[in-house]
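Each chain, letter by letter, is given below.
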Amino acid sequence: MAPSVTRPSATLRVFAGITLLAGLFGTSSAQPVKTQPSAPPSAAAGAAPPLVFELADVHPSAPRKNAYMNGAPPHAGRFRVRNASIVDLVSIAYSIDSGKVLGGPSWLDTNRYDVSAKAPATTSDDDLKLMLRALLADRFKLVLHNSTKPLPAFVMTATKGSSRLKHPESSTDAGCKTPPPPYTTTPATYSCHAETMAAFAQFLHQRVLWELDQPIVDNTGLQGPWDFDFTAIFPSRTNVDGVAILDALNSQFGLKLTSGASPLPVVIIDSVNQTPTPNPPGIAAIQIPPPPADFDVATIKPSGPDNKGMRISIRGGQLNLSGVTMRWLINLGFDFNAPMIANPPKWIDDNKFDVLAKVAPTDTTPGATSAPEMDPQDLEPLLRKLVEARFDLKWHMEDRPTDAYVLLAVNPKLKKADPLYRSGCKQGPGADGKDPRIATPILGRLLSCQNSTVAEFAQFLFSVNNGYMKTALLDETGLADRYDIVLSFSGYSQIGGINEYSLSPPPPTQSASGAPAAIGADPTGGLPLFDAIKQQLGLKIEKQKRPVPMLVIDHINEKPSDN
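The paragraphs below set out a description of the structure included in this document. (Residues numbered from 1 in each chain as written. Predicted model: local features only at pLDDT ≥ 70, side-chain atom pairs only at ≥ 80, totals over all residues. Heavy atoms only, no water.)

## Re the packing of aromatic side chains
The geometry of an aromatic ring pair is captured by two quantities: the separation of the ring centres and the angle between the planes. To keep things clear, this is the line we draw: Two aromatic rings, drawn from Phe, Tyr or Trp (for Trp, its six-membered ring), form a pair once their centres lie within 6.5 Å of each other, and the interplanar angle then sorts them: stacked below 30 degrees, edge-to-face above 60, tilted otherwise. A run of DSSP states H or I qualifies as a helix once it reaches four residues; a run of E qualifies as a strand once it reaches two. Both are numbered from the N-terminal end. Summary of the burial criterion: residues with accessible area below 20% of their type's maximum are buried, those above 50% are exposed, and those between are partly exposed, where the area comes from a 1.4 Å probe applied to protein chains only. Only Lys NZ and Arg CZ are tested; either one counts as a charge over a ring when it is within 6 Å of the ring centre and within 35 degrees of the ring normal.
Throughout the structure, instances matching the rule amount to nine aromatic pairs. Ring geometry for Phe200 versus Phe228: centroids 4.9 Å apart, planes at 85 degrees, classification edge-to-face. Residue Phe200 is found in helix α3 (residues 197-208), and its partner Phe228 is found in strand β12 (residues 226-232); the two are separated by 28 residues along the sequence. When the ring of Tyr468 is compared with that of Phe530, the centres are 5.6 Å apart and the planes differ by 85 degrees; the resulting orientation is edge-to-face. With Tyr468 in the loop between α8 (454-463) and β23 (473-475) and Phe530 in helix α9 (residues 529-537), this residue pair connects regions lying 62 residues apart in the sequence. Tyr468 sits in the buried class, given a relative accessible area of 1%. When its relative accessible area of 6% is taken as the criterion, Phe530 is described as buried. One Lys or Arg, Arg384, reaches over the ring of Phe334 and ends 5.4 Å from the middle of that ring.

Encoded structure:
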């Protein structure tokens, strides 16, 4: 089976496109990143019985607008993920990048499942992974094997200029640390201590250049470990002077990344069932602790005058928001496309708030004070109830006619897909591994879909457009086949938008024909999304009046009630 297109795994992707960089099994983004082993060999005949969860609830996920895997780090033997594909689950269970999970049926990346399982409170992360492997084999009848395949990769080589690499005086606390949030346009320093080039290549892949998707392979020949620092804007590839991080690494350390291929360890799916075996009877009544219904303690106050940027942190059962607008609060609490709000107050994008909320500990052990780790989907209803109570928010959902985007066929230039390839869309290169962002940083966005319908591509494009479109993109091309689609364009901020992650940017201007026009001609050669769609795919995005679901605000106070 050919390599597949997959989404990045082992990250929490939620809250309308915010990417939280804490892995389900691993350190926080402020701690060193350690190299994880690839999938281990299968258990030999006569080995001890596999470790299994005490209880496990497995079922298909409910539909969501942001259908990315999310979950909480393991806590007291509890493992839970939502919206996880089989590729995501294999990636977690075998400590391997999702791009190295090959083979399997076409639905492997698109069908999504919720898994909630319980083990003894003292179970280690490694044993939880072994239990997840057993669950996949039992409930999905998963069969796989290890192999090595040449895959697209970025090869890191050494050129001149590596004099800033210094041998460390000690090997303690080895690893690289990312700068703490908030992540803004201010350059921040990454500090690496006693780091080998192989480990640094993985750090770049996981924490800095994760948006490039492909693995980074060390071919520098530099024998470490080393001490060094480098400065860049996180997570963008561009620093304050407009120089790509890749160029900065070359100028600072003589490290160069080039597209290529490298033999890499992979896991190949031999067979798997689409429908998991049924849960045991009465599983809902068994004590797999449900998330709390309310915050135990919560404070809301206006942000201070010196507040700059926005910060969102979820850690240890605590939600910490700083500098968030009411539009963002609604977006975080409703799994909702926040710009489509009817009757918004004038201050919805201007007034900023700080929110600190905690859930109560659920461990009943005497003296225990640890709160459960929360996944963001757990926090949605809690935050919604908090905003409703403290701002006296009254609302309802209603379909209202508005100018909304449609995708039309003009002169289609789409490549029909091989039906043997898996279906799925991702941000990153297609199967050929070509990445125009390396040579042309102004083309900062790269999307690829494999064996997908145009309707699936349109849905994915809307979910990751980051500023270009406020309403869902409806497929009206009439194209019914499945295609391999690659689209390269400039990010919204690269062509004059406020912010690629802004939920209320200035709307694009519109031509007399109704088609969105380019936003601010870019002298550096930026390519807006709407132009890229037409040039590369022979499709066109237009605005048409149609009913769109909206959150209608009936009443809301400008100031929160007292803490």
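## A short note on helix α5 (residues 326-334)
Since the α-helix turns once every 3.6 residues, residues separated by three or four places project in the same direction. For α5, a buried count of nine out of nine residues is recorded, marking the element as mostly surrounded by other parts of the structure. Residues of α5 that are buried: Met326, Arg327, Trp328, Leu329, Ile330, Asn331, Leu332, Gly333 and Phe334. Following α5 by one or two positions, Asp335 adopts a phi angle in the positive range, close to 45 degrees.

## Points about the pairing of strand β25 (residues 539-555)
What counts, and what does not: By this definition, two strands are paired if DSSP reports at least two bridges between them.
Pairing of strand β17 (residues 341-342) with β25 involves two bridges; the strand directions are parallel. Along β25, the bridge assignment pairs Ile341 with Leu551.

## A short note on the state of the cysteines
Here is the rule we go by: When two cysteine sulfur atoms lie within 2.5 Å, the pair is treated as a disulfide.
Counted according to the given criterion, the structure contains two disulfides. Residue pairing for Cys425: its cysteine sulfur links by disulfide to Cys449, the two sulfurs lying 2.0 Å apart. Since a negative S-S torsion denotes a left-handed disulfide, the Cys425-Cys449 link at about 115 degrees is right-handed. Of this pair, Cys425 sits in strand β21 (residues 424-427) while Cys449 is found in strand β22 (residues 445-452), placing the two residues 24 residues apart along the sequence. Comparing Cys425 with Cys449, the two get one shared label, buried. Cysteine pairing for the protein chain, with bonded cysteines counted in sequence order: 1-2, 3-4.

## Regarding the pattern of salt bridges
Counted only if it meets this: Salt bridge criterion: a side-chain nitrogen from Lys or Arg within 4 Å of a carboxyl oxygen from Asp or Glu.
Tallied over the full model, the rule gives 14 salt bridges. Between Asp349 and Arg327 there is a salt bridge; the shortest N-O distance is 2.6 Å. Highlighted residues: Asp349 in the loop between β17 and β18 (352-358) and Arg327 in helix α5, separated in sequence by 22 residues. With a shortest N-O distance of 2.8 Å, Lys540 and Glu542 are connected by a salt bridge. The class for Lys540 is partly exposed, based on a relative accessible area of 26%.

## Section: the pairing of strand β19 (residues 394-409)
The pairing of β19 with β25 spans 16 bridges and is classified as antiparallel. Within β25, the position partnered with Ala409 by the bridge is Leu539. In this structure, β19 lies alongside β23, joined through three bridges in parallel fashion. Looking at β23, one finds that Val406 is bridged to Leu474.

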